[in-house]
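# Topology and contacts: notes
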Amino acid sequence: MKFSHSFCVPAADIDAQGHVNNVAYLRWIQDVAVAHWIRAATEEQQAKFAWVVVRHEIDYKKQAFQNEEITATTWVGEWSKVTCERFTEIFRGNELLVKGRTVWCMLDLETGKPVRIGAELIERFL
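For every chain, the first residue of the written sequence is number 1, and numbering continues from 1 along that sequence. In keeping with the predicted nature of the model, local features appear solely for residues at pLDDT of at least 70, side-chain atom pairs appear and are counted solely at 80 or more, and the whole-chain, interface and lining totals rest on all residues. Each side-chain value is worked out from all heavy atoms of the structure, with water and hydrogens disregarded.

Counted as salt bridges are all cases of a side-chain nitrogen of Lys or Arg within 4 Å of a carboxyl oxygen of Asp or Glu. Applying the stated criterion to the full structure yields seven salt bridges. With a shortest N-O distance of 2.8 Å, Arg-55 and Glu-57 are connected by a salt bridge. Accessibility here uses a 1.4 Å probe with only protein chains present; expressed as a share of the type maximum, an area under 20% marks a residue as buried, one over 50% as exposed, and anything in between as partly exposed. Looking at Arg-55, the relative accessible area reads 46%, which means it is partly exposed. Via salt bridges that share partners, Arg-55, Glu-57, Glu-85 and Arg-101 belong to a single interconnected network.

Pairing between two strands is assigned when DSSP locates at least 2 bridges connecting them. Numbering goes from the N terminus for both helices and strands, where a helix is a DSSP run of H or I of at least four residues and a strand is a run of E of at least two. Strands sit in the order E1-E3-E4-E5-E2 across an open sheet of five strands; the sheet is antiparallel. Of all strands in the sheet, those bounded by a partner on one side alone are strand E1 (3–8) and strand E2 (49–60). Adjacent strand axes in the sheet meet at a mean angle of 25° when their direction is disregarded. Two elements, E2 and strand E5 (residues 95–108), share eleven bridges in a ladder whose sense is antiparallel. By the bridge assignment for E5, Ala-50 is matched with Leu-107. Under this scheme, a helix contributes an axis fitted over its contacting stretch, all axes are lines through C-alpha atoms, and angles between N-to-C directions fall in the 0 to 180 degree range.

Tracing the chain through its elements places Gly-93 in the loop between strand E4 (83–92) and E5. Here Gly-93 falls in the exposed class, since its relative accessible area comes to 61%.

A few words now on the side chain of Thr-88. As for its position among the elements, Thr-88 is in strand E4. Here a polar contact is recorded for every N or O atom pair within 3.5 Å, except that within protein the pair must consist of a potential hydrogen donor and a potential acceptor, and residues adjacent in sequence are included only if both atoms are side-chain atoms. Only 3.4 Å separates the side chain of Thr-88 from the side chain of Thr-74, close enough to count as a polar contact. Throughout, a contact is declared for two residues whenever any of their heavy atoms are within 4.5 Å. Residues contacting Thr-88, with those up to four places away along its chain left out, are Ile-29, Val-32, Thr-73, Thr-74, Val-98, Lys-99 and Gly-100.

Within the fold, Trp-37 resides in helix H1 (residues 22–40). Taking the relative accessible area as the measure of exposure, Trp-37 reaches 10% and is therefore buried. Ignoring any residue separated from it by four or fewer positions in sequence, one finds Trp-37 in contact with Gln-45, Gln-46, Phe-49, Trp-51, Leu-121 and Phe-125.

This paragraph deals with H1. Note that an α-helix has 3.6 residues per turn; residues three or four places apart therefore point the same way. To estimate the expected span of a helix, subtract one from its residue number and multiply by 1.5 Å. Here H1 spans 28 Å end to end across 19 residues, near enough to the 27 Å set by a 1.5 Å rise per residue. Among all positions of H1, only Ala-24, Tyr-25, Trp-28, Ile-29, Val-32, Ala-33, His-36, Trp-37 and Ala-40 are buried. For H1, the N-terminal cap is Asn-21; the gap from its side-chain oxygen to the backbone nitrogen of Val-23 is 2.7 Å.

Taken residue by residue, a regular strand's side chains alternate between the two faces of the sheet. When E1 meets strand E3 (residues 69–79), the two strands line up antiparallel, connected through six bridges. Bridging from a neighbouring strand, His-5 pairs with Ala-72 of E3. Note that E3 and E4 share seven bridges and pair antiparallel. Within the sheet, the bridge partner assigned to Ala-72 lies in E4 and is Ile-90. Here E3 folds back onto E4, and the loop between the two strands holds three residues.

Set out below in structure tokens:
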């Protein structure tokens, strides 16, 4: 299941070159992933588990600028015992600005340790 979030580029995300700073794209990738988790997971799952990033890969295709309308779309790819890969694409209209792949590890909030991802949770993201 894909999840999208649209927003307007704020002035705070513009760097000295006059376009969106690469760090802002990374934050947007994380923000849309977290929003997807909140939308898809049950309250019980959210209270029990958290996610940490173990790898980011980002391809920067085009620049974005202040006040532009941006849409970030994310979806989950492969699942392993304790990780999942998540893809993100960031668009301005029909123009692809950024592609990302992130590997997330699920943690048990009580122990702080990686925990097996169950089928019930996976089904919520299909």
